[in-house]
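Residue-level listing of the chains:
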Amino acid sequence: MKKIIVVLLLLLTLGAQLFAQELTSPDGNFKFSFSLTQAGEPMYQLSYKSKPVIKQSRLGIEVKDQQSLASGFTLEKIETSRKDETWDPVWGEVKTIRNNYNELALTLTQSSPKQRSMIIRFRLFNDGLGFRYEFPRQPNLEHFVVKDEVTQFAMTGDHKAFWIPGDFDTNEYTYSTTTLTKADKSARVGSADEIATRNPINGAVQTPLMMKSADGLYINIHEAALVNYPAMILSINKGNLTLTSTLAPDAVGNKAYLQTPSHTPWRTIIVSDKAADILASKTILNLNEPSVIKDTDWIKPTKYVGIWWEMHVGVGTWYYADDVNLTLDNTDWKSLKPNGRHSANTTNTKRYIDFAAKNGFDGVLIEGWNVGWEDWFGQWKENVFDFTTPYPDFDVKELHRYAASKNVKLIMHHETSGSVTNYERRMDDAYKFMKENGYDAVKTGYVGKIIPRGEWHDGQWMVNHYNRVAKKTAEYKIMLDAHEPVRPTGLHRTYPNWLACEAARGNEFNAWSIGSPPEHETILPFTRIMGGPMDYTPGIFQIKMDYYVAKRPFNNQSPNGFAIHTTLAKQLALYVTLYSPLQMAADLPENYERFPDAFEFIKDVAVDWDDTQILEAEPGDFITTARKAKGKEAWFIGAITDEQKRTANMPLTFLKPGQKYLATIYSDKPDADWDKNPMAYQIENVIVTGKTILAINLAPGGGAAVSLKPATTEDLKKWKAYKVKK
Ligand code: NOJ
Ligand code: CA
């Protein structure tokens, strides 16, 4: 008896575990262990190459008005398994993806006051860990409300973090780079008043959160397969450096309504001692379910232009009349006096269709085509748009005919203005209208406070809405691009018609606000884009916005001082460094016509890939990426830097041995500078092989783009072999 008490005391004083279970990644680099504390609390820890990554951290779920699912557990069953398979995405950065992990599924049981069980499933990959909670069907756990998640990520130090504030409504902030203890509502966050709807939360950060430890580990925390559950932000305990999952609530403060059988999304921790490995990780995709769409032939990676930037720079308007205070039901749109600046008119649309056809673009996006824009923003109004009534100057039938005759697809815009109840009621009619008129891609938008009032963009109700749109558009064979949705979590594997999302601060901010600093695009791939492709809308050639002052006499908001915070060459590089199967050539046709030689790269660059190699990368500093076009012997490289100039190094070892290639290099001129001389670029043709190492100078805030094609005899005669310049 005495002995037992001593052992028990010892266990208690050590806070020791009753049970521990270990798991190793297939390559042996990760070691994971799970344990239950004396109080039956599930705990885990993780190390990489013998360095601790996650210290003892709690797991579990707090349930509203019912017994907690975070303690009182004993272990009932241990199941281990492994998987090593490959699969081919419908589109992507690589042709084939390997899914290789060791799995541990632990059934935990509570015996009092009621008998209940929960499974925690862990998958350990060669680049990180995914885990989720599963709730099997059982008599004592049927319907329940999640009050909070207990999930912790206890960090080993005060890591450097690339973060935006936790916010259940937006991801459109610029990034701050500080240690975890300094991550707070900084000046940058506080002054971000150009974001339409924002509610930054003190002491919390958004995922994907990118960190770097003092001992050289890159750590990324996010989630995968966010379905029927709210998004997670991370609250930082600055005392013990522990991050805790914090869920977006609904209008009455609850987090998630679940019914068994069900499960949470996966929590993901991706780790490496090389930054490039984080960008190459496919773990989030692997944790998502395979495509639910059987016939995917109609899904096509798309390069597009659009009636869009001209409104953002203020030379055109979304709205047709200058009237205000209109309602959908009581307005006779034909009787309104047109303001003369409405961009989405038939003639202008034909001009964009011609431009797209001439330059090989797949699609033309048209914003401002439908009635309601006079009164669309800031009213928290329910019936803003009906998504089926065009303005009097936009001839849907004629444009259908014209676009088809030029083999160009029109892309429809559905701005919900956050009134999602309205959109839900009209979705079917809207998609039918699209199909009747030849549209098979839609860009949705959620600017403004959500209706149902009190809901957040990132709550369970809205998560279900975005997923419902993905599913419904798939039924109609419509491709989808969502702006202002919850940040992606790899669901484009399951719904490959969901080509891209915005869900971050896109290029548009540079048109009408203080914009984003030159480092912005070096951080996005390590954060937001970890969850899925972004519709960033690169390719702006006219860098300074005061160029438009003379062109917008009616617009009283001055664009003076607003600018894209990159060089022109860097705008080209973004087509490669920012992965998306949906890429816009966002500038005005007339601006591309001013720089036809640079425009060649945008026309040329692929949007779907067989292979991707991250040649060098450091979050916040630089990224150099090479990608092979799908089904072609053509490679494209993008290299970008932050505000520091640097030399990008590109060993071309991925090229076919023995083959000579023509490299067309689009780079910053020696005197280029994102602020002082952003549009100074140069283009050079050289012959290279797999043994060449290109060294290209990037200006402050600059970049370079390279296209590589097998050299013809003509090319070999015309161009010299590459030599490194001094
Ligand atoms: C914000 C979107 O990000 C942008 O692309 C769109 O033009 C406006 N909302 C208007 O819907
Ligand atoms: Ca936006």
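Residue positions are given per chain, counting from 1 as you read along its sequence in written order. Chains carry letters from A onward and ligands carry numbers from 1 onward, assigned in written order. Given that the model is predicted, a residue must reach a pLDDT of at least 70 before its local features are reported, and side-chain atom pairs must reach 80 or more before they are shown or counted; all residues, however, enter totals for whole chains, interfaces and linings. Only heavy atoms go into the side-chain values, all of them from the structure, while hydrogens and water stay out.

Asks: I'd like to hear about the pairing of strand β2 (residues 30-37), residue by residue, with values.
Replies: β2 sits mainly inside the fold: 7 of its 8 residues count as buried. By the bridge criterion, 7 bridges tie β2 to strand β3 (residues 42-48) in an arrangement that is antiparallel. Pairing of Leu-36 across the sheet is with Pro-42, part of β3. What sits between the antiparallel neighbours β2 and β3 is a turn of 4 residues, in which Gly-40 has the positive phi angle 70°. The buried label applies to any residue whose accessible area, calculated with a 1.4 Å probe on protein chains only, is under 20% of its type's maximum; exposed applies above 50%, and partly exposed to all values in between. Strands here are runs of E lasting at least two residues and helices are runs of H or I lasting at least four, both read from the DSSP assignment and numbered beginning at the N terminus. Strand pairing requires that DSSP identify at least two bridges connecting the strands.

Asks: Residues and numbers for the pattern of salt bridges, please.
Replies: Within this document, salt bridges are pairs made up of a side-chain nitrogen of Lys or Arg and a carboxyl oxygen of Asp or Glu, the two lying within 4 Å of each other. Applying the stated criterion to the full structure yields 38 salt bridges. Between Glu-519 and Arg-188 there is a salt bridge, with its nearest N and O atoms 3.7 Å apart. One end of the pair, Glu-519, is in the loop between α10 (509-512) and α11 (520-523); the other, Arg-188, is in helix α2 (residues 187-190), with 331 residues separating them in the sequence. For Glu-519, a relative accessible area of 15% gives the class buried. Linking Lys-443 and Glu-367 is a salt bridge whose minimum nitrogen-to-oxygen distance equals 2.6 Å. Residue Lys-443 is located in strand β26 (residues 441-445), and its partner Glu-367 is located in the loop between β24 (363-366) and α7 (396-405); the two are separated by 76 residues in the primary sequence.

Asks: Run through the side chain of Thr-692, naming residues and quoting values.
Replies: Looking at the element boundaries, Thr-692 is found in the loop between β35 (681-688) and β36 (693-698). There is a polar contact of 2.9 Å between the side chain of Thr-692 and the backbone nitrogen of Thr-689. Throughout, a contact is declared for two residues whenever any of their heavy atoms are within 4.5 Å. Non-local contacts of Thr-692, meaning those with residues more than four positions away in its chain, are made with Met-650, Pro-651, Leu-652 and Tyr-722. The term polar contact refers here to a pair of N or O atoms within 3.5 Å; inside protein, the definition further demands a hydrogen-donor-capable atom paired with an acceptor-capable atom, and it admits residues adjacent in sequence only when both atoms are side-chain atoms.

Asks: How would you explain the sheet that holds strand β20 (residues 256-259) if you had to name every residue and give the values?
Replies: In a beta sheet, neighbouring strands pair by backbone hydrogen bonds and run either parallel or antiparallel. Here we have 3 strands laid out as an open sheet, ordered β5-β10-β20, and antiparallel in their pairing. The sheet is open, and its two edges are formed by β5 (61-63) and β20, each paired on a single side. The sheet shows a mean angle of 45° between the axes of neighbouring strands, taken without regard to direction. For helices, the fitted axis covers only the stretch in contact; all axes are lines through C-alpha atoms, and the angles between them, taken along N-to-C directions, range from 0 to 180 degrees.

Asks: Talk me through the environment of Ala-196; I want residue IDs and the actual numbers.
Replies: Inspection of the secondary structure assignment puts Ala-196 in the loop between α2 and β15 (201-206). Through-space distance from the C-alpha of Ala-196 to that of Lys-449 is 8.7 Å; in sequence the pair is 253 residues apart.

Asks: Go over the sheet that holds β35, please, and point to the residues and values.
Replies: One open sheet holds the 6 strands; their spatial order is β30-β31-β32-β37-β34-β35, and the pairing between them is antiparallel. In this open sheet, the two edge strands, each paired with only one partner strand, are β30 (609-618) and β35. With strand direction ignored, the average angle separating the axes of adjacent strands in the sheet is 15°. Sheet topology note: the strand β34 (residues 661-668)/strand β37 (residues 703-710) ladder contains 7 bridges and is antiparallel. Residue pairing in the sheet places Ala-663 in a bridge with Leu-708 of β37. Across the sheet, helix α12 (residues 568-577) lies against β31 (622-629), β32 (635-641), β34, β35 and β37, angled at about 125° from β32, the strand it touches most. Contacts from helix α14 (residues 596-604) reach β32, β34, β35 and β37, with the element oriented near 65° to β37.

Asks: How would you explain α14 if you had to name every residue and give the values?
Replies: Each turn of an α-helix holds 3.6 residues, which means side chains three or four residues apart point in the same direction. Taken together, the buried positions of α14 are occupied by Ala-598, Phe-599, Phe-601 and Ile-602. Seen from one end, α14 has its buried residues packed into an arc of 140°, which puts them on one side. Each direction from the helix axis to a C-beta atom contributes to the arc, which is the arc of those directions.

Asks: Tell me about the coordination of the calcium ion (ligand 2), residues and numbers included.
Replies: Bound to the calcium ion (ligand 2) are the protein donor atoms Glu-172 (OE), Glu-484 (OE), Glu-502 (OE), Glu-502 (OE) and Glu-508 (OE), situated 2.3 to 3.0 Å from the metal. One way to put it: the 6 donor atoms around the calcium ion (ligand 2) meet at angles of 52 to 161°, and that makes the site irregular. Sequence positions of the donors to the calcium ion (ligand 2) reduce to the motif E-x311-E-x17-E-x5-E. In this pair, Glu-172 is assigned in the loop between β13 (165-166) and β14 (176-179) and Glu-502 in the loop between β28 (498-501) and α10, connecting sequence segments 330 residues apart. Donor criterion used throughout: N, O or S atom within 2.8 Å of the metal, extended to 3.2 Å for Na, K and Ca. Water excluded; incomplete-looking sites may result. Donor angles set the geometry label: tetrahedral for four donors if every angle is between 85 and 135 degrees, square planar for four and octahedral for six if opposite donors exceed 155 degrees and the others are between 65 and 115, irregular for anything else.

Asks: Which residues make up the packing of helix α6 (residues 346-359) against α7, and what values go with them?
Replies: Two numbers describe how α6 lies on α7: the axes approach to 10 Å, and their chain directions differ by 15°. In this view, α6 runs roughly parallel relative to α7, as classed from their interaxial angle. In the packing of α6 onto α7, the handedness of the crossing is right-handed. Touching Thr-346, Thr-349, Lys-350, Ile-353 and Asp-354 of α6 are Glu-398, Leu-399, Tyr-402 and Ala-403, all from α7. Each residue belonging to the contact of α6 with α7 can be placed in one class, and the counts come to 4 nonpolar, 2 polar and 3 charged. Any angle that falls under 35 degrees is termed roughly parallel, while one over 145 is termed roughly antiparallel, one within 65 to 115 roughly perpendicular, and all others oblique. Crossings are sorted by hand: turned counterclockwise from the far helix by less than a right angle, the near helix makes the crossing left-handed, and turned clockwise it makes it right-handed. Under the convention adopted here, Pro, Cys and the residues Ala, Val, Leu, Ile, Met, Phe, Trp and Tyr are nonpolar, Asp, Glu, Lys and Arg are charged, and Gly plus all remaining residues are polar.

Asks: Residues and numbers for the pairing of strand β19 (residues 242-247), please.
Replies: Here 3 bridges tie strand β11 (residues 152-154) to β19, and the two strands are oriented antiparallel to one another. By the bridge assignment, Phe-153 is partnered in β19 with Leu-243. Here strand β18 (residues 232-237) pairs with β19 via 6 bridges, running antiparallel. Bridging from a neighbouring strand, Ser-235 pairs with Thr-244 of β19. Adjacent in sequence and paired antiparallel, β18 and β19 are bridged by 4 residues, among which Leu-241 carries a positive phi angle near 55°.

By themselves, these figures tell us nothing about what the structure is for.
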